[in-house]
Amino acid sequence: MKLTIFGTGYVGLVTGACLAEVGHDVLCVDVDEAKIAGLQQGEIPIYEPGLDVLVQRNHKLGRLDFTTDVRRGVEYATVQFIAVGTPPDEDGSADLQYLLTVAREIGRYMTGNRLVIDKSTVPVGTADKVRAAISAQLAERGLELPFDVVSNPEFLKEGAAIDDFMKPDRIVVGTENEQSRALMKKLYAPFNRSSDRMVYMDLRSAELTKYAANAMLATKISFMNEMANLAERLGADIEQVRRGIGSDPRIGYHFIYPGCGYGGSCFPKDVQALERTASEVGYDAPLLQAVERVNRKQKQKLYQRIEQYFAGDLAGKTFALWGLAFKPKTDDMREAPSRTLMEALWDAGACVRAYDPEAMEEARRIYGERDSLVLCSSAQEALSAADGLVICTEWSEFRAPDFRVILDRLSVPVIFDGRNLYDPELLSEQGIDYIAIGRSNWS
Ligand code: NAD
C-alpha cells in the first residue's frame, strides 16, 4: 500500500519506518525543512534505539521518502496518517492547530478518495473537526469527494518505540465505517499475524481510550509517589512496600516505581487535556486533578531535599546531575524532572555539571551556553568537585557505579537519588549520605 504520514516526530517517523519495513511505500511530510533535509541524508533527528537502521535501510530501498511538499503528500496516497504534535494550549487543552492545518491541506489538495487516520493524541470529538475542516475546503473548491476519518491512537513508548510498533499489545481503531475498518485491517495485517491485536470501536471511544491509558499510567505513578511521601513520614521503605504490593496479580509490578515525578511529552499534557475535556462537559474530575497536583509537587522534591540538606545555603554550590532525559533510552527532555531541578538550582545560585548518555545535544539546544550548566562527556567527569550527586534518570549505566570513585570525586559525599537505584545500607557502609524517594532516611 502507498501511505502518507504528516509529521516526522517520535510517532510519525517511527510509524513511517515500521510501515516501510513491512513493505508499504511511505512518504513522510513535515514542515520542518532542516529535519526533512537531514532525513534525506540519512540523519535521524531524534534518538530512538533501532530507528536509524530502519530509516536508512528503507530509504535506500526506495520504500521511505521525505518531503516538505504538502501537495505531493496529499496526492501520493489514498491513506493519509496525521501524526503531528498536539501540545498543551495555555489553558491545558490540546492545541489542535497543527492537526487542523493538515486536515485543511488534505481538503485543499485531495483529488480522489482519502482515508485520513488520526494518530495524534486528540480530545474526543476531534475526528468531527477534522471531517469538517476537510469538507469546508472541498466546498470551497466546489468539489464533493469521498473521504473518511478514523481514529488510530498510538501507544508506543519512547525508548522502545520500534518494538512497540512492530509487536503492539493492541491496535485500536475507531470507526463506524465497514470499508475503513477493512482497509485498516489490511494495512496492519503484517503486525497482526500471531494473534489478533485489532480492537475496533466507535470513534469517540477510540479517542478517549488513548487518554484513559495515559491517565491510568500517570495515576499509578502519582499513587506510588503519594505512598512514598507517606512512607517517609512513617519510617517505612517504599521499595519494600512496592515489592509487597506488586506480588498481588491484581496490582502487578509494572509502573509502580516511585520517583521524582513523571515527565515527557505525553503524561503531563494528556492528563491536563483530559481534565479540560472533563470540565467542558461539566465534570470536575477530582482524581485527575490530584494526579497532576501530586506530580507537580513530586518534581520539586529533589530540590527541596537538597535545600534542606544544605540548610538553604546553595549559592555558589555545584551539583553533579546524572540523567537529563525524562526517562532512559530517549533524548527527549520535554517536561523532564531534570529541568525542574536544574532551574530551581540555578534560581538558588547553584551550578550544575550534567551528564546524560543521549540528551546532551537536546540540553544544549534548550539551555544554550551558560556558566551555570557544564555539559560533561561522562558520568565520572560530572562528579568533579561537586557538592553532591543528583540522579534524575535511571539509565542502566548509573545502576552499578564505582562508589569509591564517587567518594573520591565529590566534595560532599551525598547522593540525592530520584530513582531509588541503590541499596541504602551499602551506601551508608561506604560513608555516603544517601537520600532517596520514600525511604525512611527522608523523615
Ligand atoms: P513531535 O513534536 O516529536 O513531532 C511532531 C512533528 O510534526 C514535528 O516534526 C513537526 O515539525 C511536525 N508538524 C507540525 N505541523 C505540521 C504540518 N502542518 N505538516 C506536517 N508536519 C507538521 O511529536 P510526537 O512526540 O511525535 O507526537 C505526535 C503526536 O503523537 C502527539 O499528539 C502525541 O501526543 C502523540 N503521541 C506521542 C507519543 C510519544 O511517545 N512521543 C506516543 C503516543 C502518542
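Residues numbered from 1 in each chain as written. Predicted model: local features only at pLDDT ≥ 70, side-chain atom pairs only at ≥ 80, totals over all residues.

*Asks:* Just give me the short version of the overall build of the protein chain, but keep the residues and values in it.
*Replies:* Secondary structure assignment for the protein chain yields 17 helices and 14 strands. On C-alpha atoms alone, the protein chain measures out to a radius of gyration of 24 Å, which is about the 22 Å that the 2.2 N^0.38 rule sets for 443 residues. Reported as C-alpha extents along the three principal axes, the dimensions of the protein chain are approximately 75 × 45 × 45 Å. The 443 residues of the protein chain split such that 44% are buried. Long-range pairs, those at least 24 residues apart, make up 71% of the contacts in the protein chain between residues at least 6 apart in sequence. (Helix = DSSP H or I, 4+ residues; strand = E, 2+ residues; numbered from the N terminus. Rg over C-alpha atoms; globule rule 2.2 N^0.38 Å. Buried ≥ 20, exposed ≤ 12 C-beta atoms within 10 Å, placed from the backbone. Contact = placed C-beta atoms within 7 Å.)

*Asks:* Summarise the UniProt feature "active site" (unreviewed entry) in the protein chain; cite the residues concerned and give the values.
*Replies:* The UniProt record annotates "active site" (unreviewed entry) at Cys266. The residue Cys266 is located in the loop between helix H10 (238-246) and helix H11 (267-280) in this model. We classify Cys266 as buried; it has 24 C-beta atoms within 10 Å. (UniProt positions renumbered as here; feature names shortened; annotations may be inferred.)

*Asks:* I'd like a rundown of the packing of helix H9 (residues 203-234) against helix H12 (residues 286-309), residues and numbers included.
*Replies:* H12 packs onto H9 with a crossing angle of 55° between their chain directions and a minimal axis gap of 9 Å. In terms of orientation, H9 lies oblique with respect to H12. For the pair H9 and H12, the sense of crossing is left-handed. Touching Ala215, Ala218, Thr219, Ser222, Asn225 and Glu226 of H9 are Leu287, Leu288, Val291, Val294, Asn295 and Gln298, all from H12. Its residues assigned to classes, the contact of H9 with H12 comprises six nonpolar, five polar and one charged. (Axes fitted to C-alpha atoms, helices over the stretch in contact; angles between N-to-C directions. Parallel < 35°, antiparallel > 145°, perpendicular 65-115°, else oblique. Left-handed = near helix turned anticlockwise from the far one by under 90°. Nonpolar A, V, L, I, M, F, W, Y, C, P; charged D, E, K, R; others polar.)

*Asks:* Which residues make up the site of the ligand, and what values do they have?
*Replies:* What surrounds the ligand is a group of 26 residues, the closest being Gly7, Gly9, Val11, Ser120 and Thr121. When contributions to the shell around the ligand are tallied by element, the ones reaching two or more residues are helix H1 (10-21) and helix H5 (97-109). A per-class count over the shell around the ligand returns eleven nonpolar, ten polar and five charged. (Near = placed C-beta within 6 Å.)

*Asks:* Go over H12 with me, naming the residues and quoting the values.
*Replies:* Look at H12: 34 Å from first C-alpha to last across 24 residues, which is about the 34 Å you get at 1.5 Å a residue. Along H12, the sharpest kink reaches roughly 40°, centred on Lys301. Residues of H12 that are buried: Leu288, Val291, Glu292, Val294, Asn295, Gln298, Lys299, Lys301, Leu302, Tyr303, Arg305 and Ile306. Each element contacted by the buried residues of H12 is listed here: H9, H11, helix H13 (337-347), strand S12 (389-391), strand S13 (414-417) and strand S14 (433-435). Positioned one or two residues after H12, Ala311 has a phi angle of 50°, which is positive. (Expected span 1.5 Å × (residues − 1). Bend = angle between axes of the 7 residues up to and from the residue.)

*Asks:* Tell me about the UniProt feature "binding site: NAD(+)" (unreviewed entry) in the protein chain, and please be specific about residues and values.
*Replies:* Those places that UniProt annotates as "binding site: NAD(+)" (unreviewed entry) correspond, in this numbering, to Asp30, Lys35, Thr86, Thr121, Glu158, Lys269 and Arg334. For this annotated set, covering 305 residues, the C-alpha atoms extend up to 24.2 Å from each other, a dispersed arrangement in space. With respect to the element layout, Thr86 can be found in the loop between strand S4 (79-82) and H5. When residues no more than four places from it in sequence are discounted, the contact partners of Thr86 are Ala94, Asp95, Leu96, Leu99, Ser120, Thr121 and Val122. Along the polypeptide, Lys269 turns up in helix H11. We classify Lys269 as buried; it has 23 C-beta atoms within 10 Å. Excluding residues within four positions of it along the chain, Lys269 makes contact with Pro87 and Pro88.

*Asks:* Help me get a handle on the nonpolar core, residues and values and all.
*Replies:* In terms of nonpolar packing, the biggest core is built from 118 residues, with Leu321, Leu389 and Val390 touching the most fellow members. Tallying contributions element by element places H9 first for this core, with ten residues. When we break this core down by domain, the ones giving at least three residues each are domain 1 (2-201) and domain 2 (215-442). Among residues more than four places away in sequence, those in contact with Leu321 are Ser338, Met342, Val352, Arg353, Ala354, Ala382, Val390 and Cys392. (Core = buried A, V, L, I, M, F, W, Y, C linked by C-beta atoms within 7 Å. Domains from an automatic or database assignment.)

*Asks:* Let's hear about the domain arrangement of the protein chain: which residues, and what values?
*Replies:* Under the domain assignment used here, the protein chain contains domain 1 (2-201) and domain 2 (215-442). Once you take the C-alpha centre of each, domain 1 and domain 2 turn out to be 34 Å apart. Listed by partner, the interface residues are 16 residues for domain 1 and 15 residues for domain 2. Residues belonging to the side of domain 1 that touches domain 2 are distributed by class as follows: nine nonpolar, four polar and three charged.

*Asks:* Provide a residue-level description of the confidence of the model for the protein chain, including the pertinent values.
*Replies:* Predicted confidence across the protein chain gives a mean pLDDT of 97, with 99% of residues reaching 70 or more. Both scores are available for the predicted complex, with the pTM at 0.96 and the ipTM at 0.99. (pLDDT = per-residue confidence, 0-100.)

*Asks:* Summarise the sheet that holds strand S9 (residues 318-322); cite the residues concerned and give the values.
*Replies:* Pairing is parallel across the open sheet formed by six strands, whose spatial order is S11-S10-S9-S12-S13-S14. Each edge of the sheet is formed by a strand with only one pairing partner; in this case those strands are strand S11 (373-375) and S14. Across the sheet, the axes of successive neighbouring strands diverge by a mean angle of 20°, strand direction being ignored. H13 contacts S9, strand S10 (351-355), S11 and S12 of the sheet and is inclined by roughly 175° relative to S9. (Pairing = 2+ DSSP bridges.)

*Asks:* Could you give an account of unusual backbone geometry, naming the residues involved and the relevant values?
*Replies:* Backbone geometry places Lys329, a non-glycine residue, at a positive phi of 65°. Positionally, Lys329 belongs in the loop between S9 and H13. In this model, Ala385 sits at a positive phi of 55°, which is unusual for a non-glycine residue. Position of Ala385 relative to the elements: it lies in the loop between helix H15 (379-383) and S12. Judged by the 11 C-beta atoms lying within 10 Å of it, Ala385 is exposed.

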